[in-house]
Amino acid sequence: MYRLVLLNALPLNMFGLEEGEWIELIIERISIEKLKRFVSEASEIACFVRHRATVELLSRILGVELKPSAKLYRYRPGDRIVVVSLRTPIRGQEVEEVKLEDFEIYLVKPV
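Residues numbered from 1 in each chain as written. Predicted model: local features only at pLDDT ≥ 70, side-chain atom pairs only at ≥ 80, totals over all residues. Heavy atoms only, no water.

Asker: Pulling in residues and values, what's your account of the overall build of the protein chain?
Answerer: For the protein chain, the count of helices and strands is 2 helices and 5 strands. Taken over C-alpha atoms, the radius of gyration comes to 14 Å for the protein chain, in line with the 13 Å a tight globule of 111 residues would show. Side chains of the protein chain give 17 positive and 17 negative charges; the mean places of these two sets differ by 3 Å. (Helix = DSSP H or I, 4+ residues; strand = E, 2+ residues; numbered from the N terminus. Rg over C-alpha atoms; globule rule 2.2 N^0.38 Å. Lys, Arg positive; Asp, Glu negative; His and termini not counted. Charge placed at Lys NZ, Arg CZ, Asp CG, Glu CD.)

Now the structure itself:
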């Protein structure tokens, strides 16, 4: 069991690195089916996605209640990090309606 963390981007400050420290990441594009499996295996789901339409769609598709959040995420060893991002975000505009086809989903694995 693990904490599944949903993000809309990859904030590098989540690792809290000091000067001279480094981290390697493996980034894998995944399907919604794989994300559903992660949800079913997770002991906790932490949503750090602010965009309401994205959170509402994910809640419906994944069958879990998620709430939008603007909180900052801090990495904890053992977290399973998934980034759900719009394929073509429109800068400076709030997109009101999204479809599953609008998303790219990535698993981020620190090594």
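Asker: Can you break down the packing of aromatic side chains residue by residue, with the values?
Answerer: To describe a pair of aromatic rings, one takes the distance between the centres and the angle between the planes. Scanning all chains against the criterion turns up 2 aromatic pairs. Ring centres 5.3 Å apart and planes at 55 degrees place the aromatic pair Phe15 and Tyr75 in the tilted group. Residue Phe15 is located in the loop between strand S1 (3-7) and strand S2 (25-29), and its partner Tyr75 is located in the loop between helix H2 (52-62) and strand S4 (80-86); the two are separated by 60 residues in the primary sequence. A relative accessible area of 13% places Phe15 in the buried class. (Phe/Tyr/Trp six-rings, centres within 6.5 Å; stacked < 30°, edge-to-face > 60°. Buried < 20%, exposed > 50% of the residue type's maximum accessible area, 1.4 Å probe, protein only.)

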